[in-house]
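Each chain, letter by letter, is given below.
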Amino acid sequence: MIQEFQHIFADLTSPQWMVFIAFIAIAIVRLAFLFLVSARVAFKKKTKPENHSGEKISLIITARNEEENIRENLPAILELKSKDYEVVAIDDFSQDGTLSVLGLLNQRYGHLKISSLSQETRFSVKLAQNIALKSASNNWVLFIPTALQEGREKWLQNFLQKIQSPGINVVLGYSTLSYNKGFLNLLYRVETFMQQMKSAAYILGGIPFVYSEENLAFTKENYFNRGGFGKIITEPYANVELIINSFIRKKSTEVNFHKDSVIRKKIDLDKTEYTNLLRKSLRIEKYLPFWKRIILWMDESSKLVFIPIVAASLVGCVDLWPLITTLIGINAIAQVLIIKIILNRLNERKIFIPSLVYGLLVPYYKLFFRWHFSRKSRKQKWRNVF
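Read on for an overview of the structure. As the structure is a prediction and not an experimental result, all values here were calculated from the model.

Thoughts on the overall build of the chain
Helix and strand counts for the chain stand at 13 helices and 10 strands. A compact globule built from 386 residues would reach a C-alpha radius of gyration of about 21 Å, and the chain, at 23 Å, matches this within 12%. Expressed as lengths along the three principal axes of its C-alpha atoms, the size of the chain is roughly 85 × 60 × 40 Å. Within the chain, buried positions represent 48% of all 386 residues. Counting only contacts in the chain whose residues sit at least 6 apart along the sequence, the fraction spanning at least 24 positions is 84%. Here the chain carries 52 positive and 33 negative side-chain charges, and the mean point of each set is 4 Å from the other.

What follows is the structure, encoded as C-alpha cells:
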C-alpha cells in the first residue's frame, strides 16, 4: 500500500500537488476546529455543585408593548418557590397596557420591581437595560424574554447553583424558540443553535465571546466598572452582549449547557427576525478584538472552501481517493457526533439533520449576506452624513 502511494505521489503533476496540499491544509484546519474547539462543548465534564454561598440573582425583563406576554408568562416566574431571586421589569414606553399589568402584578408580588421610560428615545433598549441593572438589588443578573414559556423551577435552581462557584462572573445558558411547525421556526432554531454552540465552544477554547444576552447570568459590577454602554450606545443591533464581551474570560465563565438550564420562548416570526439574528451576530463580531476576528475568519473561510477543495481533489487526484475520503469521513463523523451529543444534552429535538445541512450550505449564503449588509450599512452612513 505504501509503495503504491509512493508511485502515485511520484506521478502527480504540479497542479495536482497544489490541489492536494490545499485539501490537506483545509482538512487539518477543519479537524483542528472540530477537535480543539467544538468538541469541548460535547465532552465537557459536569461540574460538581458548590456549597450555597448566599448569592442571589435578579431576573431582568425589558418590555415594549408586551401586555399579553407579561400577563401570560410573568406570573409563573414570580411564583417560583425559591427565595433567592427577584424580578426587575422595565417598561420601554409601551403604547398598550404593559405598564398597567406590571403595576397589578407588583401589588401581588413583593419581589417584583418595576420602572419605566416615560418618553420615546433613541436606543431605548439600552437605556431600559441600564435602568434595570441600576434597580437590581443583587450583583448577579440574568436577562430573560417576556415570551418565556419553558424553563422554570429547575432552570432557576440550576443557575442559582452555578453562580455560587468562586471566581465565576459569567454563566452561559442556552436560549431558543419553542418548537412550532414552519420553515422560519426551523431556520431560526437552527441558526440560534449554531450560534450558541459556537459561542460555548470558543469560550471553552479560550476565545470567549457571546452572541446573545438571553439566559446569560453575569455580575453587574463588571458592567458598571466599564462605564455602561458609553460610546457604543448608538449600536443598533447588539446590546449588553457588547459589554459582556469586554470582560468575559474563559476561567471566570461557566458554560451551563444542560437540559435543566435551557429556556424556550414563543414569538411570532417573520423573515426579519431571522435576518436580524444574522445582523446582530455580524455586529457583535465587529466589536471583538482583532485576534478573535482573525480566528473567526479562519473558521468561516475554511468552511467556505472545504466543499470546493474536496470536489477539486476528488476530480484532480482520483488515484488518491482512499486518503481523501478517509479525511472527509473523519471530518463528517466528528461533526455528526459533536452535534448529536450537544443536541441530546440540551434536549433539543427535530434539528439534527437540518443542522448538518445548514452547516454545509449556509456559510455561502452568509458570505453574500455579509457583503449585502456591509454595503447597505455604508450607504446608510453616507446618507446620514448629509
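A look at the pattern of salt bridges
Within this structure, the stated rule accounts for 17 salt bridges. A salt bridge links R64 to D92, with the shortest nitrogen-to-oxygen separation between them at 3.4 Å. On the criterion of sequence distance, the pair formed by R64 in the loop between β1 (57-63) and α3 (67-78) and D92 in strand β2 (residues 85-92) is long-range, its members being 28 residues apart. The residue K366 makes a salt bridge to E191 at a minimum N-O spacing of 3.1 Å. Taken as a pair, K366 in helix α13 (residues 352-385) and E191 in helix α7 (residues 183-204) lie far apart in primary sequence, 175 residues in all. Linked through salt bridges whose partners overlap, the residues forming this network are K198, E285, E300, K303 and R370.

Brief notes about the pairing of β2
In terms of burial, β2 is a largely internal element, 8 of the 8 residues being buried. Here β2 shows a buried face lined by Y85, V87, A89 and D91 and a second buried face lined by E86, V88, I90 and D92. Across 7 bridges, the pairing between β1 and β2 is parallel. Among the inter-strand pairings, T62 is bridged to a residue of β2, identified as I90. Of the crossover connections in this fold, the one passing from β1 over α3 to the parallel β2 is right-handed. Relative to strand β3 (residues 112-117), β2 runs parallel, the two sharing 6 bridges. Each bridged residue has a counterpart across the sheet, and for D91 the counterpart in β3 is S116. The handedness of the β2 to β3 crossover, carried by helix α4 (residues 98-108), is right-handed.

Thoughts on a positive patch on the surface
Among the surface-exposed residues, K46, K154, K259, K340 and R349 lie close enough to one another that they form a single positively charged patch. Residue position: R349 is located in the loop between α12 (321-346) and α13. Classification of R349 as partly exposed rests on a relative accessible area of 45%.

Structural notes on a nonpolar patch on the surface
Residues I307, I353, V357, L360 and L361 make up a contiguous nonpolar surface patch of roughly 440 Å² in combined accessible area. The biggest single contributor to the nonpolar patch is α13, with 4 residues. Relative to the elements of secondary structure, L361 occurs in helix α13. Look at L361 and you get exposed, because its relative accessible area is 52%.

Observations concerning the sheet that holds strand β9 (residues 253-255)
Pairing within the open sheet is mixed, and its 7 strands lie in the order β3-β2-β1-β4-β8-β6-β9. One side of each edge strand has no neighbouring strand; the edge strands of this open sheet are β3 and β9. Strand-to-strand twist of the sheet, defined as the mean angle between neighbouring strand axes without regard to direction, takes the value 20 degrees. Bridge count for strand β6 (residues 170-172) against strand β8 (residues 216-219) is 3 bridges, and the pairing is antiparallel. If you follow V170 over to β8, its bridge partner there is F218. Those strands touched by helix α5 (residues 124-135) are β1, β2, β3, β4 (140-143) and β8, and its axis lies near 150 degrees from that of β2.

Conventions we followed
- Residues numbered from 1 in each chain as written.
- Predicted model: local features only at pLDDT ≥ 70, side-chain atom pairs only at ≥ 80, totals over all residues.
- Heavy atoms only, no water.
- Helix = DSSP H or I, 4+ residues; strand = E, 2+ residues; numbered from the N terminus.
- Rg over C-alpha atoms; globule rule 2.2 N^0.38 Å.
- Buried < 20%, exposed > 50% of the residue type's maximum accessible area, 1.4 Å probe, protein only.
- Contact = heavy atoms within 4.5 Å.
- Lys, Arg positive; Asp, Glu negative; His and termini not counted.
- Charge placed at Lys NZ, Arg CZ, Asp CG, Glu CD.
- Salt bridge = Lys/Arg side-chain N within 4 Å of Asp/Glu carboxyl O.
- Pairing = 2+ DSSP bridges.
- Right-handed = clockwise from strand over helix to strand, strands pointing away.
- Patch = residues over 30% accessible without salt bridge, like charges linked within 9 Å, V, L, I, M, F, W, Y side chains within 5 Å.
- Areas by Shrake-Rupley, 256 points an atom, 1.4 Å probe, with all protein chains shown as cover.
- Axes fitted to C-alpha atoms, helices over the stretch in contact; angles between N-to-C directions.

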